[in-house]
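Inside the fold
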Amino acid sequence: ETNLRCIAALGYDGVELAIRDPKLVDLDKLERLTREFKLFVPAIGTGQAWGEEGLSFTDPDPQVRRAAIERIKSHIPGAVRFGAVIIIGLIRGIVITGVDPVQAMDWVVEALQECSAAARPHGIRLALEPINRYETTLINDATQGLELIEHVGADNFGLLLDTFHMNIEEDSFAGAIQTAGSLLGHMLLGETNRRAPGRGKIPWAQV
């Protein structure tokens with residue numbers, strides 16, 4: 001409540017929610033608060049499931065991979081309630097030593113096909129975020145993201161572009177956005193130093 005009040009006071013129209021595990025969140029209360037502060041919810045971030053629990057689509061342990069898939073699927077009711085996109089960030093995983101990169105990518109594709117299929121009847125979209133090479137070797141730029149989307153083959157699975165990661169990986173901000181085209185399902189705007197727009201070196205006119 002404190003954070004939502006602050007965000008609304010700053011003048012924002014909406015708030016992206018970072019939810020590690022939906023079963024630990026009182027969605028009724030959260031929905032009441034977003035309405036009270038007149039904030040819409042464009043997207044739900046899922047990265048804490050990787051950061052705090054180590055859940056990923058590429059873990060050698062099939063039980064961990066299954067838990068990661070089920071965790072994403074568990075976000076669907078909340079996404080329906082808020083009309084939000086479900087973000088696929090680092091929960092997709094990394095290539096762990098001893099795992100064939102081709103196998104890791106196959107696991108990612110299979111997981112995303114299952115999650116997209118579960119979300120489709122509810123009208124919910126998933127958006128994968130290309131993340132810089134220092135955090136993962138799986139999908140670093142828009143071109144790689146579009147190749148993955150083609151392999152997944154789901155009409156409710158698209159791309160999320162984040163200017164922070166784009167600054168590291170893309171040759172051109174405008175080029176990457178134009179390449180994504182209609183498959184761009186969400187966008188995050190942050191500076192080269194992770195600060196607010198205008199406090200770094202992103203060429204915002206181009207974006």
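Every value quoted in this text rests on a predicted model; they were computed, and no experiment measured them. (Residues numbered from 1 in each chain as written. Predicted model: local features only at pLDDT ≥ 70, side-chain atom pairs only at ≥ 80, totals over all residues. Heavy atoms only, no water.)

Quick look at the pairing of strand β5 (residues 157-162) now. Most of β5 sits out of view: six of its six residues are buried. Of the strand pairs in this sheet, strand β4 (residues 126-128) and β5 are connected by three bridges, and their pairing is parallel. Looking at the pairing, Ala127 lines up with Gly158 of β5. Bridge count for β5 against strand β6 (residues 184-188) is four bridges, and the pairing is parallel. (Buried < 20%, exposed > 50% of the residue type's maximum accessible area, 1.4 Å probe, protein only. Helix = DSSP H or I, 4+ residues; strand = E, 2+ residues; numbered from the N terminus. Pairing = 2+ DSSP bridges.)

Overall, parallel pairing links the six strands, which are arranged β1-β2-β3-β4-β5-β6 in an open sheet. Strand pairing shows two members of the sheet lacking a second neighbour, β1 (17-18) and β6, which therefore form its edges. Packing against the sheet, helix α7 (residues 142-152) makes contact with β4 and β5, and its axis sits at approximately 165 degrees to β5. The sheet strands contacting helix α9 (residues 173-180) are β5 and β6, and the helix crosses β5 at an angle near 170 degrees. (Contact = heavy atoms within 4.5 Å. Axes fitted to C-alpha atoms, helices over the stretch in contact; angles between N-to-C directions.)

If you walk through the whole model with that rule in mind, you get one cavity of 30 Å³ or more. The calculated volume of the largest cavity comes to roughly 40 Å³. Lining the largest cavity are Pro130, Asn140, Asp141, Leu161, Asp162, His165, Met166 and Glu170. At the level of secondary structure, the elements contributing two or more residues to the lining of the largest cavity comprise β5 and α8 (163-169). Partitioned by chemical class, the residues of the lining of the largest cavity number three nonpolar, two polar and three charged. (1 Å grid on protein atoms, 1.4 Å probe; cavity = no way out; pocket = protein on both sides within 12 Å on 5 of 7 lines; lining within 4 Å. Points joined across faces, edges and corners; volume = space filled by probe spheres on them. Nonpolar A, V, L, I, M, F, W, Y, C, P; charged D, E, K, R; others polar.)

Attention now goes to the packing of helix α4 (residues 62-74) against helix α6 (residues 101-119). Close contact between α4 and α6 brings their axes to 9 Å; oriented N to C, the two are set at 30 degrees. Of the possible angle classes, the one that applies to α4 and α6 is roughly parallel. In this structure, α4 crosses over α6, and the sense of that crossing is right-handed. Contact residues: Arg65, Arg66, Ile69, Glu70, Ile72 and Lys73 in α4; Trp107, Ala111, Glu114, Cys115 and Ala118 in α6. A breakdown of the residues in the contact of α4 with α6 according to their chemical character gives six nonpolar, no polar and five charged. (Parallel < 35°, antiparallel > 145°, perpendicular 65-115°, else oblique. Left-handed = near helix turned anticlockwise from the far one by under 90°.)

Attention now goes to the pattern of salt bridges. Inspection of every chain in the model, using the stated rule, returns 16 salt bridges. The residue Asp28 makes a salt bridge to Arg81 at a minimum N-O spacing of 2.6 Å. Linking Asp28 in helix α2 (residues 27-36) with Arg81 in helix α5 (residues 76-82), this pair joins segments that are 53 residues apart in sequence. The exposure class of Arg81 is partly exposed, given its relative accessible area of 33%. (Salt bridge = Lys/Arg side-chain N within 4 Å of Asp/Glu carboxyl O.)

The next subject is the packing of aromatic side chains. On inspection of all chains with the given rule, the structure shows zero aromatic pairs. Residue placement shows Arg65 over the ring face of Trp107; its charged tip is 3.8 Å from the ring centre. Sitting over the ring of Phe164, Arg194 keeps its end group 3.7 Å from the ring centre. (Phe/Tyr/Trp six-rings, centres within 6.5 Å; stacked < 30°, edge-to-face > 60°. Lys NZ or Arg CZ within 6 Å of the ring centre and 35° of its normal.)

Next up on the list: α2. Buried within α2 are the following residues: Leu27, Leu30, Glu31, Leu33 and Thr34. For α2, the angular spread of buried residues about the axis comes to 165 degrees, placing them on one side. Structural note: α2 exposes Arg32 and Arg35 on the side pointing more than 90 degrees away from its buried face. On the buried face of α2, the contacting elements are α1 (2-9), β1 and α5. A positive phi of about 55 degrees marks Lys38, the residue just after α2. (Arc of directions from axis to C-beta.)

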